[in-house]
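# Chains, contacts and geometry: an overview
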Amino acid sequence: MPLRERARAALEAPRFQQAIIAVILINAATLGLETSAVAVERYGTALTVIDHVALYIFVAELLTRIYVYRGRFFLDPWNLFDTSIVTVSLLPVASGLSVLRALRILRALRLISVVPSLRRVVTALLNAVPGMTSIVLLLGLVLYVAAVMGAKLYHATAPEYFGDLPTSLFTLFQMMTGDGWSDITREVMGEHPAAWIFFVAFMLVCTFVVLNLFIAVVVRAMEDEQAEESANVTVQATQELSAAVLAELAELRAEVRELRDRVPAAPGGG
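This write-up is about the structure you can find in this document. (Residues numbered from 1 in each chain as written. Predicted model: local features only at pLDDT ≥ 70, side-chain atom pairs only at ≥ 80, totals over all residues. Heavy atoms only, no water.)

## Thoughts on the packing of aromatic side chains
For the coordinates displayed, the defined rule picks out seven aromatic pairs. For the pair phenylalanine 198 and phenylalanine 199, a centre-to-centre distance of 5.2 Å together with 75° between the ring planes defines the contact as edge-to-face. For the pair phenylalanine 198 and phenylalanine 199, one class covers both residues: buried. Clustering of aromatic rings is evident, with ring pairs tying together Tyr154, Phe162, Phe198 and Phe199. Directly above the aromatic system of tyrosine 67 lies the positively charged group of arginine 4, at a separation of 4.5 Å from the ring centroid. Sitting over the ring of phenylalanine 58, arginine 110 keeps its end group 5.0 Å from the ring centre. (Phe/Tyr/Trp six-rings, centres within 6.5 Å; stacked < 30°, edge-to-face > 60°. Buried < 20%, exposed > 50% of the residue type's maximum accessible area, 1.4 Å probe, protein only. Lys NZ or Arg CZ within 6 Å of the ring centre and 35° of its normal.)

## Re the pattern of salt bridges
According to the stated counting rule, one finds six salt bridges in the structure shown. The salt bridge involving arginine 110 is made with glutamate 61; its shortest N-O contact spans 2.8 Å. Of the two residues, arginine 110 sits in helix 6 (residues 110–114) while glutamate 61 sits in helix 3 (residues 37–69), which places them 49 residues apart along the sequence. Note on accessibility: arginine 110 and glutamate 61 belong to one class, buried. A salt bridge links arginine 110 to aspartate 82; the shortest N-O distance between them is 3.4 Å. In this pair, arginine 110 is assigned in helix 6 and aspartate 82 in helix 4 (residues 77–90), connecting sequence segments 28 residues apart. Of the two residues, arginine 110 and aspartate 82, both sit in the buried class. (Salt bridge = Lys/Arg side-chain N within 4 Å of Asp/Glu carboxyl O. Helix = DSSP H or I, 4+ residues; strand = E, 2+ residues; numbered from the N terminus.)

## A word on the side chain of arginine 65
With respect to the helices and strands, the residue arginine 65 is situated in helix 3. Overall, the relative accessible area of 11% leaves arginine 65 in the buried class. Apart from the residues within four sequence positions on either side, arginine 65 is in contact with Leu11, Arg70, Phe73, Asn79, Asp82 and Arg110. (Contact = heavy atoms within 4.5 Å.)

## Here we look at the environment of leucine 143
Its location among the elements puts leucine 143 in helix 7 (residues 116–154). Here leucine 143 falls in the buried class, since its relative accessible area comes to 12%. When the C-alpha positions of leucine 143 and methionine 176 are compared, they lie 9.3 Å apart, and in sequence the two are 33 residues distant. Excluding its chain neighbours within four sequence positions, the residues that come into contact with leucine 143 are Leu169, Leu172, Phe173 and Phe202.

## Considerations on a nonpolar patch on the surface
Side chains of Leu138, Met189, Trp196, Ile197, Val200, Leu204, Phe208, Val209 and Leu213 sit close together on the surface and give an oily, nonpolar patch of about 780 Å² of accessible area. With seven residues, helix 11 (residues 195–262) is the single largest residue contributor to the nonpolar patch. Secondary-structure assignment places isoleucine 197 in helix 11. On the accessibility criterion, isoleucine 197 (47% relative accessible area) is partly exposed. (Patch = residues over 30% accessible without salt bridge, like charges linked within 9 Å, V, L, I, M, F, W, Y side chains within 5 Å. Areas by Shrake-Rupley, 256 points an atom, 1.4 Å probe, with all protein chains shown as cover.)

Without other data, these values stay purely geometric and don't point to any function.
In structure tokens form, the structure reads like this:
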């Protein structure tokens, strides 16, 4: 077997993928331990060695994949994702470049490209982005209208929440996430008892309608992704079955031809 084919078989082996996942998890754990001063003081050298070994393994894996797949390597977005993460890790890190040291934890994101289930989720989310555009516009419109109304109605009562338009926008966004919305509502209702109508309507529209639309779009995208993957698996299985049947037919034809050649022709035959 040629060297490239042996390297391909090794890369695509389940055990190799499991080993890469283990290296990613170990490297992520060591990078987390580096945030502890006690751990760095006791095991700083060991953590550095593990970090460098993991980086060398990632570089070797990428170079092997480039060698195996050649030009096709750069056509796969997940390969480009892995390459960018490893490239960031290879940037020179000086004492003043703490941001680059912090970016090393991005290696943990390689789990997304290595684990198929995570890859399917991210692909579904990216496919759902076009469908979310209209929902984002709707949500922005609702937030803007409610923020203007809140600033007009309650700027004197609660200036820290509705003093101007940017403050009102931030307050309503905070309420939309469910953070402290009841406290804000009660404070305003102390001066405006009917204010609950405005806040309840806003929460119903944003939280229970618009955000559920987000969820529906994402779920639909995930279902489409799963259906497409199932269809691809079915097509691949059908192609493999057809190839196996054709191979069997070719063998049968060869055997029939061999038998025909062995049997002597009948006397007087044409």
